[in-house]
Amino acid sequence: MIIMKNSPKKPSAQSRKEATHERIVEVATRAIRRSGYAGTGVADIMKEAGLTHGGFYAHFASRDALLAEAGDRAGAESVALAAGVAAAAPPGQALQAMLAAYLSPEHIAAIEVGCPVSALGSEMPRQAPEVRRAATIHIKEMIDLFARQMPNWGQPEAHAQAMATVCAMVGATILARAVDEPALSDALCAATLAQFQDAN
């Protein structure tokens with residue numbers, strides 16, 4: 001059998017543009033969580049991506065379009081990570097595993113790569129409709145993911161319990177990041193986790 005070797009092809013202009021677009025979104029996805037929507041400027045994102053400010057509008061119609069895409073990416077990553085934690089957990093322990101991962105010291109410290117809802121929640125009401133729509137989609141996905149782990153999954157109250165659980169863990173994370181006392185930060189997360197261990 002003869003294997004024909006293809007000569008390496010030069011990347012097309014379209015694939016280069018797609019790779020550049022991907023790089024901008026990846027930088028913006030980290031930047032919004034690190035600095036907030038208001039603290040994330042187009043010029044800073046382009047500089048961090050190693051690109052000129054002038055090239056931005058070849059990829060995005062507006063700053064809000066970039067923020068929406070970056071928020072969508074960050075939300076999808078967060079839901080996928082939680083789903084992975086649930087899938088890897090022993091039977092019947094997915095809910096506790098997801099809560100423990102979300103309220104862990106590692107997630108509290110990792111605002112740049114963590115859940116965008118706890119990083120950006122207080123800013124979301126003031127964002128453009130497309131930015132809020134992206135956030136809403138993934139908040140609903142996270143609630144649904146938690147509802148599926150509830151012992152009473154399939155009953156109407158499972159969804160309500162999932163909403164309360166997500167609200168509690170996001171709120172605990174916001175407070176744990178807000179305080180300047182590490183011991184208090186840890187205690188806030190531990191207390192929230194304990195409440196759900198007792199309840200479930």
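Think of each chain on its own: its residues are numbered from 1, step by step along the sequence as written. It should be noted that, the model being predicted, local features are given only for residues of pLDDT at least 70 and side-chain atom pairs only at 80 or more, the latter also being counted only at that level, while totals for whole chains, interfaces and linings use all residues. Water and hydrogen atoms play no part in the side-chain values, which are based on all heavy atoms of the structure.

On to the overall build of the protein. Broken down by element type, the protein carries nine helices and zero strands. From first element to last, N terminus to C terminus, the protein shows the α and β order α-α-α-α-α-α-α-α-α. Across its three principal axes, the protein shows a C-alpha extent of roughly 60 × 55 × 35 Å. Exposed residues in this analysis have more than 50% of their type's maximum accessible area, buried residues have under 20%, and partly exposed residues fall in between, with area computed by a 1.4 Å probe over protein chains only. In the protein, which comprises 200 residues, the share counted as buried stands at 38%. Only the protein chains shown count as cover for residues, with accessible areas throughout obtained via the Shrake-Rupley method and a probe of 1.4 Å. Just so you have it, the protein exposes about 11,300 Å², and 60% of that area is on carbon and sulfur atoms. Taking the 18 positively charged and 20 negatively charged side chains of the protein as two groups, their mean positions are separated by 12 Å. Where helices and strands are cited, they refer to DSSP runs of H or I of at least four residues and of E of at least two residues respectively, numbered from the N terminus. The sign given to each residue is positive for Lys and Arg and negative for Asp and Glu; His and the chain ends receive no count. Taken as the charge centre is NZ of Lys, CZ of Arg, CG of Asp or CD of Glu, depending on the residue.

Stacked, tilted and edge-to-face are the three classes applied to pairs of Phe, Tyr and Trp rings, where Trp contributes its six-membered ring and a pair requires centres within 6.5 Å; stacked means planes under 30 degrees apart, edge-to-face means over 60, and tilted covers the rest. According to the stated counting rule, one finds two aromatic pairs in the structure shown. Ring plane angle 90 degrees and centroid distance 4.9 Å describe the contact between F56 and Y57, whose orientation is recorded as edge-to-face. What makes F56 buried here is its relative accessible area of 0%. Of the residues examined, Y57 reaches a relative accessible area of 54% and is grouped as exposed. For the pair F56 and F60, a centre-to-centre distance of 5.3 Å together with 25 degrees between the ring planes defines the contact as stacked. Among the aromatic residues, ring-to-ring pairing joins F56, Y57 and F60 into one connected group.

Predicted coordinates in areas of low pLDDT are best not read in detail. pLDDT expresses how confident the predictor is about each individual residue, on a scale running from 0 to 100. Here the protein averages 90 in pLDDT, and 92% of its residues register 70 or above. By definition in these notes, contact holds between two residues if any of their heavy atoms fall within 4.5 Å. Under a pLDDT of 50 for its full length, residues 1–7 has, in the predicted model, zero contacts with residues more than four places off or in other chains.

The residue L95 is located in helix α4 (residues 94–102) in this model. The class of L95 is buried, set by a relative accessible area of 6%. The sequence separation of L95 and A43 amounts to 52 residues, and the corresponding C-alpha distance is 41 Å.

To continue, consider the nonpolar core. Among the buried residues, those of types Ala, Val, Leu, Ile, Met, Phe, Trp, Tyr and Cys that are joined through side-chain atoms within 4.5 Å form a nonpolar core. Counting residues in hydrophobic clusters, the biggest one holds 52 residues, and the most contacted among them are L66, M142, F146 and M169. Within the residue set of this core, elements represented by two or more residues are α1 (13–35), α2 (42–48), α3 (63–88), α4, α6 (116–120), α7 (129–149), α8 (156–178) and α9 (182–199).

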